[in-house]
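Coordinate analysis (summary)
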Amino acid sequence: MMSLMDQLGTQLDTSVAHPARRYNYWLGGKDHFAADRKSGDEIAQFFPTIRTMAVENRRLLRRAVGYLAGEAGIRQFLDIGTGLPTADNTHEVAQRAAPASRVLYVDNDPLVLVHARALLTSSPEGRTDYLEADLRDPQSILRHPALRTILDLDRPVALVLLAVLHFLPSRERAAEVVHELMDALPSGSFLLATHATQDYASPEAVAEYRRMLDTGRSDVWPTTRAEFEHVFAGLTLVEPGIVPAGEWRADPGAEIPDRAAVGLYAGVGRKS
């Protein structure tokens, strides 16, 4: 049997930090390299609660995908920027509510795809598949044969973009990418997205983070609430609208984390 590294061959550049592996590092996982840890530690030095952001993003996935598969009746999910497998992946949450749910995972890190194929197994009634592609090229996703093998684009699909849009430096381009993807999906489809923000940070923190971006020490480009609203243009927002991730349909009795500590907006919108 081929080892993981044999399967990856020369595809994997471990000298450059990758968001999926850095995120895995923040969540306490084991699938990361020195460059990922260095980048993660540099960001954590400025933003000590970054692990809180990562955890709240995963909790939001559980609540929002649970809503989509349960109350909203969605049975198809296109999850772009999948990240490395951890607890409560999209298909696991969806198939708990609706075992026949179908999920297509998309990521541009070959390590993610190898792990996904090995670990993310569908329920017998449903189906999952994995596509190596880049959010920056939506047509490479929409035109890929795997998309229509797994998803029926005549029926509603939930587009899942969790903690991935903020890696696109231009807020306008981020909105364009989302609109291009949503335009290809039928009425009744949903968008689920989260995005880093500094709306709750101090002026000093905002200025220091700007210096990190300018010097290439971070690749996370934060948004304002108004900019994030533009991502949902033409969609009907699901209550409670665009809110900090920890506050989107929080579990009853759950402790709501500090907005500045999380620094992450969340929203769900429906296409009419």
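Before going into details, it helps to say that this report is about the structure given with it. Just so you know, these numbers come straight off a predicted model, no measurement behind them.

Cut-offs and rules
Chains are numbered independently. Their residues run from 1 in the order of the written sequence. Confidence filtering applies because this is a predicted model: local features only for residues at pLDDT of at least 70, side-chain atom pairs given and counted only at 80 or more, and all residues used for totals across whole chains, interfaces and linings. Here the side-chain values reflect all heavy atoms present in the structure, with hydrogen atoms and water set aside. Three labels apply to residues, based on accessible area from a 1.4 Å probe with only protein chains included: buried if under 20% of the type maximum, exposed if over 50%, partly exposed otherwise in between. Runs of E in the DSSP output that reach at least two residues are strands. Runs of H or I that reach at least four are helices, and both are numbered from the N terminus. Strand pairing is assigned whenever DSSP identifies at least 2 bridges connecting the two strands. Viewed with both strands pointing away, a crossover whose connecting path from the first strand over the helix to the second turns clockwise is right-handed. A 1.4 Å probe that fits into a set of points on a 1 Å grid over the protein atoms alone but cannot get out defines a cavity; an open set with protein on both sides within 12 Å along at least five of seven lines defines a pocket, and lining residues are those with an atom within 4 Å of a point. Grid points are joined across faces, edges and corners, and a volume is the space filled by probe spheres set on the points. Three classes are used, and their members are as follows: Ala, Val, Leu, Ile, Met, Phe, Trp, Tyr, Cys and Pro are nonpolar, Asp, Glu, Lys and Arg are charged, and the others, Gly among them, are polar.

Our focus in this paragraph is the pairing of strand E4 (residues 158-161). Within a regular beta strand, the side chains point alternately toward one face of the sheet and then the other, so they alternate between its two faces. Because side chains alternate across E4, one face comprises the buried residues Ala158 and Val160, and the other comprises Leu159 and Leu161, equally buried. Strand direction decides the pairing type here: strand E1 (residues 76-80) and E4, joined by three bridges, are parallel. In the strand pairing of E4, leucine 78 is matched with leucine 159. Bridge count for E4 against strand E5 (residues 190-196) is four bridges, and the pairing is parallel. The residue bridging alanine 158 from the neighbouring strand is phenylalanine 190, located in E5. Once the chain exits E4 it traverses helix H9 (residues 171-183) before rejoining the sheet at E5, and the crossover so formed is right-handed.

Each pocket or cavity is described by its volume, and for the largest pocket that value is around 920 Å³. In terms of lining, the largest pocket is formed by 50 residues, of which the most central are Pro19, Ala163, His166, Phe167 and Val220. Listing elements by their share of the lining of the largest pocket, those giving two or more residues are helix H2 (19-26), helix H3 (34-46), helix H4 (50-69), E1, strand E2 (102-107) and helix H10 (203-214). Ranked by residue count, the leading element in the lining of the largest pocket is H4, at six residues. In terms of residue class, the lining of the largest pocket is made up of 31 nonpolar, 12 polar and seven charged.

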